[in-house]
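Report on the structure
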Amino acid sequence: MNLTDKQKYQALLDKDSTFEGLFYVGVKTTGIFCRPSCTARKPKFENVEFFDTTRESLAAGYRPCKVCKPLDLKHKTPDYIKTILNEISENPSIKIKDYDLVKKGIEPNKVRRWFKSNHGITFQGYQRMIRINNAYTKLAKGAKIINAAFDSGFDSLSGFNDAFKSVLDDVPSNSKYTNVINISRFSTPLGPMFACATEDGICLLEFTERRMLEREFKDLSKRLKAKIIYGNNKYLDLVEKEVNEYFEGKRKTFDIPLVSPGSDFQNSVWNQLKAIPYGLTRSYKEQAIAINNPKAVRAVATSNGMNRIAIIIPCHRVVGSDGSLTGYAGGIWRKEWLLNFEKSNTN
């Protein structure tokens, strides 16, 4: 998507966050550069110039704006939230209440707003999910229900049974028949991502703004016959590490195990996506030929769009026959950024 300067300027006037990461704006009269979504007073068109990266902006002598902070990751998790998440991770049975937050110098309303905005649940609901996940893990390893309940921070068996049923739609005594998919959220230079994992590997990696993400969650739960809840999982830590290495230009292939429920045809398409070399692209027609089904171009495109594991299964590397950037659920601007990023790291 090659934007004209006029289009970029209009995005700046509209404070359009969908253009985040696609370009930066240098303001000649102030010597600062901004994100497209900056809320500061807008300069005249003749007083701006545009850059593709923050590096180019800095090289041209511009300083980062103090309002939109273009050098920071968009939607970066605040340090005070990281502190809370680390504390919960280290002790899943803990119960952090408003009083405890105030003692730490943290405003409870800020915490509530952040969890509601970024996870879609309350802070207390998040903690309850973590405790249930901890109890589920203990039960799966053979622990008695009463021990799993009290070791996970529940004050009574009745309270544990109610919480377990509300989260997993089942009773603790049936835990060995209940499957769980753990979910986490982490920041990237292109915005936050959700990652989901089972005990076997990563089953979803998507930008949180992906179209129809809720439908994708429901479909994944149905296919794996599992409930998606927040909780610790070794693969969630590993995927964040590997994705961060990718964005730092230190990783071109991924080692993490993947779980991709789908038809044989869909998996053949997704496997071919992984075969596209870093920094290169293929057309849908070339992908159809690669799976020995040259007439299945449309079906290949449909399966490509149903990929749940962005970046690692690189559906962004497939383009139209004329080289045009066709649909990408995470946003065409992200597709263009990823392709340009990979190309620049192969030169």
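Below is a summary of the structure that appears in this document. (Residues numbered from 1 in each chain as written. Predicted model: local features only at pLDDT ≥ 70, side-chain atom pairs only at ≥ 80, totals over all residues. Heavy atoms only, no water.)

1. Side note on the overall build of the protein
Rules: In this text, helices come from DSSP runs of H or I with a minimum length of four residues, and strands from runs of E with a minimum of two, each type numbered from the N-terminal end. For a compact globule the rule gives 2.2 Å times the number of residues to the power 0.38, and the radius of gyration it is set against comes from C-alpha atoms. We call a residue buried when its accessible area falls under 20% of the maximum for its residue type, exposed when it is over 50%, and partly exposed in between, using a 1.4 Å probe and counting protein chains only. Residue contacts are counted whenever heavy atoms from the two residues lie within 4.5 Å of one another. Calculation of accessible area relied on Shrake-Rupley with a 1.4 Å probe; when residues are assessed, cover is drawn exclusively from the protein chains displayed. This count recognises Lys and Arg as positive and Asp and Glu as negative, with His and chain-terminal groups excluded. In plain terms, the charge of a residue is placed at NZ if it is Lys, CZ if Arg, CG if Asp and CD if Glu.
Helices and strands together make up the secondary structure of the protein, namely 14 helices and ten strands. In terms of overall dimensions, the protein is globule-like: its C-alpha atoms have a radius of gyration of 23 Å, near the 20 Å expected for 347 residues. Judged by the C-alpha coordinates and their principal axes, the protein covers about 70 × 60 × 30 Å. Residues counted as buried form 48% of the 347 residues belonging to the protein. For the protein, the proportion of contacts with a sequence separation of at least 24, taken over those separated by at least 6, is 61%. Total accessible area on the protein is roughly 17,900 Å²; 48% of this is exposed by carbon and sulfur atoms. Between the averaged position of the 54 positive side-chain charges in the protein and that of its 38 negative side-chain charges there is a distance of 2 Å.

2. A look at the nonpolar core
Selection criterion: Definition used in this section: a nonpolar core is a set of buried Ala, Val, Leu, Ile, Met, Phe, Trp, Tyr and Cys residues joined via side-chain atoms within 4.5 Å.
Among the nonpolar cores identified, the biggest contains 47 residues, and Leu-205, Val-239 and Ile-311 are the most heavily contacted of them. The set of elements that each furnish at least two residues to this core consists of α1 (5-14), β3 (48-51), β6 (193-197), β7 (202-207), α10 (234-247), α11 (264-274), α12 (284-290) and α14 (332-344). It is α10 that contributes the most residues to this core, six residues altogether. Those residues in contact with Leu-205 that lie beyond four places of it in its chain are Phe-186, Met-193, Phe-194, Ala-195, Val-239, Val-243, Arg-308, Ile-309, Ala-310 and Ile-312. In terms of nonpolar packing, the next biggest core, distinct from the first, is built from 40 residues, Phe-123, Ala-135, Ile-181 and Ala-226 among them.

3. Let's talk about α10
Cut-off, in case you're wondering: Here, expected helix span is obtained from the residue count minus one, scaled by 1.5 Å. Whenever two N or O atoms come within 3.5 Å, that pair is a polar contact, provided that in protein one can donate a hydrogen and the other can accept it, and provided that, for residues adjacent in sequence, both atoms are side-chain atoms.
Here α10 is 14 residues long and its end C-alpha atoms lie 21 Å apart, about the 20 Å a rise of 1.5 Å per residue gives. For α10, the set of buried residues is Tyr-235, Leu-236, Val-239, Glu-242, Val-243, Glu-245, Tyr-246 and Phe-247. On its buried face, α10 is in contact with β5 (179-186), β6, β7 and α14. The backbone nitrogen of Tyr-235 lies 2.7 Å from a side-chain oxygen of the residue at the head of α10, namely Asn-233. With its phi angle positive at about 80°, Gly-249 sits one or two positions after the end of α10.

4. So, the pattern of salt bridges
For the record, the criterion: Just to be clear on terms, a salt bridge is a Lys or Arg side-chain nitrogen sitting within 4 Å of an Asp or Glu carboxyl oxygen.
Tallied over the entire structure, the rule returns twelve salt bridges. Between Asp-219 and Arg-308 there is a salt bridge, with its nearest N and O atoms 3.2 Å apart. In this pair, Asp-219 is assigned in helix α9 (residues 213-224) and Arg-308 in the loop between α13 (297-305) and β10 (318-319), connecting sequence segments 89 residues apart. Connected through shared salt-bridge partners, Lys-241, Glu-242, Glu-245, Arg-251 and Asp-255 make up one network.

5. Digging into helix α6 (residues 123-140)
If you check α6, its first and last C-alpha atoms are 26 Å apart, about what 18 residues at 1.5 Å a residue would give, namely 26 Å. Burial of α6 is extensive: 13 of the 18 residues sit out of reach of the surface. Downstream of α6 by a residue or two, Gly-142 has a phi angle that is positive, lying close to 100°.

6. What to know about the packing of helix α3 (residues 79-90) against helix α5 (residues 108-119)
Cut-off, in case you're wondering: Structural elements are reduced to axes, namely lines fitted to C-alpha atoms, with helices fitted over the stretch in contact, and the angle between N-to-C directions of any two is expressed from 0 to 180 degrees. For classification, angles of less than 35 degrees are called roughly parallel, those exceeding 145 degrees roughly antiparallel, those between 65 and 115 degrees roughly perpendicular, and all remaining angles oblique.
Between α3 and α5, the least distance of the axes is 11 Å, while the angle of their chain directions is 80°. On the basis of the axis angle, α3 is roughly perpendicular to α5. The residues of α5 that touch α3, namely those facing Tyr-80, Ile-81, Ile-84 and Leu-85, are Lys-110, Val-111, Trp-114 and Phe-115.

7. Concerning a nonpolar patch on the surface
In plain terms, the rule: Patch membership requires over 30% relative accessible area and the absence of a salt bridge. Like charges are linked within 9 Å, and nonpolar side chains (Val, Leu, Ile, Met, Phe, Trp, Tyr) within 5 Å.
On the surface, Ile-146, Phe-150 and Leu-157 cluster together into a nonpolar patch covering about 250 Å² of accessible area. With respect to the helices, strands and loops of the structure, Phe-150 is situated in helix α7 (residues 145-151). Relative accessible area serves as the criterion here: at 41%, Phe-150 is assigned to the partly exposed category.

8. Details of the pairing of β5
Here is the rule: In this scheme, strands are said to pair when DSSP sees at least two bridges between them.
A large share of β5 lies buried, amounting to seven of its eight residues. Two elements, β5 and strand β8 (residues 226-230), share five bridges in a ladder whose sense is parallel. Opposite Val-180, over in β8, you have Lys-227 as the bridge partner. What sits between β5 and β6 in their antiparallel hairpin is a turn of six residues, with Gly-191 showing a positive phi close to 110°.

9. As for the pairing of β7
Counted residue by residue, β7 has six buried out of six residues, so it is predominantly covered. Looking at chain direction, β6 and β7 are connected through five bridges and run antiparallel. If you follow Ala-195 over to β7, its bridge partner there is Leu-205. In sequence, β6 turns back onto β7 through a hairpin of four residues, with Gly-201 there showing a positive phi of about 155°.

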